[in-house]
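As a plain string of letters, each chain reads:
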Amino acid sequence: MNTDLMNSDPHERARVMIALSGREDVSNRERSWLAAHLESCPSCREFAESTRESIRSLRRIPITASARLISTTQMRVRQRALELQRQTERFWVICACCAAVTVCSGVTAALLWRGFAWIGQQASFPMPVWEGGFVVIYLMPAVLVGILLLSRGTFLADHDRSYQDWSSN
Amino acid sequence: MNATACCFVNAMTVENTEIARGLRRRDPDLLDHLIEKYQHRLLRYLLHLTGRRELAEDFFQETWIRVLERGRQYDGRYEFSTWLFTIARNLVIDHLRRKRPASLDSLADDALPSDIPATAELSAFDATVQREQKEQISAGMQHIAAEYRESLVLRFQEGMSLEEIATLTGTPLGTVKSRIYRGLSALEPWVKGVR
């Protein structure tokens, strides 16, 4: 048992050993020393007795959780688990959508570019005009979806009564 | 380590691994089981930490919500109870920080008057003596510093080892020992008052 408190006088040492009297913390040699010290020191013996009494009383204090608390907690945890599950599902749906959009845009960009070039040629538009048109048309769906999502708040949030609202009320 | 102790340690490790696996899956049945298993221990710890039943019950619920949300962080290397109590402790400290910049010490004043019950089911003289002892100790617990109270509860009510308490509270082993010693010394007058 190595502690700063052990460096002080024998009474202090004995009291620390009594207070920390877990089996794993005190060696046999220390226990013998403590027993010998208690034999000869009434004040430490009294401390040992009151410590034993304190520990006994501490262990006897009855505190139990009510059935209502347990059922409420279980219900809240289940509800939150469901919300987290829905969030995860939404997250994966959005990931899948992003992947699909990336693939589609990769495939269609070349075709769309050629289409715009052809229209520009037929209508005799200057090159910057049909190129600008291509950029606008190409980015428009993503911009619109972004605006819609932002206007509804985060796309991962629950739009019905969420856990945060429920717990704060 | 003898064979029985070895089997016990292995069983504990397996149980912790199972819990870690279930928490990663956010298994609601496992959580129901854990809530029931640790109900009294967690509430008792929170009640001693906060000193108020309603507050302790709020933290009790929030702790389990946090366990669900952060379950992936538990890897099963430590005892589940140590991790659970650490979450509960951090919640209480966060709450205090939001209220005012403070540490666990400020609970010592907040904790009065105590809601910790001191009832006994025994009859006649023994019941009276025991009730008196519990009332005195409960009262004494509410008057000692919160960090002493916490160490005493973890050590003598929850039966945690000194190392587990040090891990949970994030304090050096020597400090834990000193808190237990000083906590018991601070309780001494209350015990003497009973005798």
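The rules we used
Residues numbered from 1 in each chain as written. Chains lettered and ligands numbered in written order. Predicted model: local features only at pLDDT ≥ 70, side-chain atom pairs only at ≥ 80, totals over all residues. Heavy atoms only, no water. pLDDT = per-residue confidence, 0-100. Helix = DSSP H or I, 4+ residues; strand = E, 2+ residues; numbered from the N terminus. Contact = heavy atoms within 4.5 Å. Axes fitted to C-alpha atoms, helices over the stretch in contact; angles between N-to-C directions. Parallel < 35°, antiparallel > 145°, perpendicular 65-115°, else oblique. Left-handed = near helix turned anticlockwise from the far one by under 90°. Nonpolar A, V, L, I, M, F, W, Y, C, P; charged D, E, K, R; others polar. Salt bridge = Lys/Arg side-chain N within 4 Å of Asp/Glu carboxyl O. Phe/Tyr/Trp six-rings, centres within 6.5 Å; stacked < 30°, edge-to-face > 60°. Buried < 20%, exposed > 50% of the residue type's maximum accessible area, 1.4 Å probe, protein only. Lys NZ or Arg CZ within 6 Å of the ring centre and 35° of its normal. Buried area = accessible area lost by both parts, 1.4 Å probe. Polar contact = N/O pair within 3.5 Å; in protein donor to acceptor, adjacent residues only side chain to side chain.

**What about the confidence of the model for chain A?**
Residue and element names in this part refer to chain A.
- Predicted confidence across chain A gives a mean pLDDT of 79, with 82% of residues reaching 70 or more.
- Least confident of the elements in chain A is helix α6 (residues 163–168), whose mean pLDDT is 39; most confident is helix α4 (residues 67–122), at 88.
- Below a pLDDT of 50 lies the segment residues 159–169, which in the model reaches 18 contacts outside its immediate sequence neighbourhood of four places, other chains included.

**Description of the packing of α4(A) against helix α2 (residues 28–50) of chain B**
- Direction vectors running N to C along α4(A) and α2(B) enclose 140 degrees, while the axes themselves pass 10 Å from each other. Taken as axis vectors, α4(A) and α2(B) run oblique relative to one another. Note that α4(A) runs across α2(B); the crossing there is right-handed. Here A:Leu69, A:Ile70, A:Thr73, A:Gln74, A:Val77 and A:Arg78 of α4(A) lie close against α2(B), whose contacting residues are B:Pro28, B:Asp29, B:Leu31, B:Asp32, B:Ile35, B:Glu36, B:Gln39 and B:Leu43.
- Considering only residue class, the contact of α4(A) with α2(B) consists of seven nonpolar, three polar and four charged.

**A few points about the pattern of salt bridges**
- Scanning the model with the defined rule gives 16 salt bridges over all chains in all.
- Measuring nitrogen to oxygen at the nearest pair gives 2.9 Å for the salt bridge that ties B:Glu62 to A:Arg76. Residue B:Glu62 is found in helix α3 (residues 53–69), and its partner A:Arg76 is found in helix α4; the two belong to separate chains.
- Among the ionic contacts, a cluster of salt bridges with common partners joins A:Arg68, B:Arg53 and B:Glu57.

**Re the packing of aromatic side chains**
- Enumeration over the complete set of coordinates arrives at twelve aromatic pairs over all chains.
- Seen from their ring centres, B:Phe80 and B:Trp83 are 6.0 Å apart, and the 45 degrees between their planes marks the pair as tilted. Remark: B:Trp83 and B:Phe80 occur in helix α4 (residues 80–99); sequence separation between them is three residues, near one turn of the helix. Per residue, the accessibility class of B:Phe80 equals that of B:Trp83, and both read buried.
- Of the aromatic side chains, those joined through ring pairs into one cluster are A:Trp113, A:Phe116, A:Trp130, A:Phe134 and A:Tyr138.
- Over the face of the ring belonging to A:Trp33 we find A:Arg13, whose NZ or CZ atom lies 4.2 Å from the ring centre.

**Quick notes on the confidence of the model for chain B**
Residues and elements named next belong to chain B.
- This prediction gives chain B a mean pLDDT of 80; 75% of its residues lie at or above 70.
- By mean pLDDT, the top-scoring element of chain B is α3 (93), and the lowest-scoring one is helix α5 (residues 107–110) (50).
- pLDDT under 50 marks residues 108–113. Its contacts with residues more than four places away, or in other chains, come to 17 contacts.
- Predicted complex metrics record ipTM = 0.71 and pTM = 0.66.

**As for the interface of chain A and chain B**
- With 45 residues of chain A in contact, the opposing surface of chain B contributes 50 residues.
- A combined buried area of about 4,500 Å² lies between chain A and chain B, and 61% of that area is made up of carbon and sulfur atoms.
- Looking only at chain A, the three residues that lose the most surface to chain B are A:Leu58, A:Ile61 and A:Ile63, adding up to 16% of its buried area.
- Our enumeration of links across chain A and chain B arrives at ten residue pairs in polar contact (both at pLDDT 80 or more).
- Mapped by element, the contributors of at least two residues to the side of chain A that touches chain B are α1 (10–19), α3 (42–60) and α4 of chain A.
- At 13 residues, α4(A) tops the list of elements feeding residues into the side of chain A that touches chain B.
- Looking at the side of chain A that touches chain B, its residues break down into 18 nonpolar, 14 polar and 13 charged.

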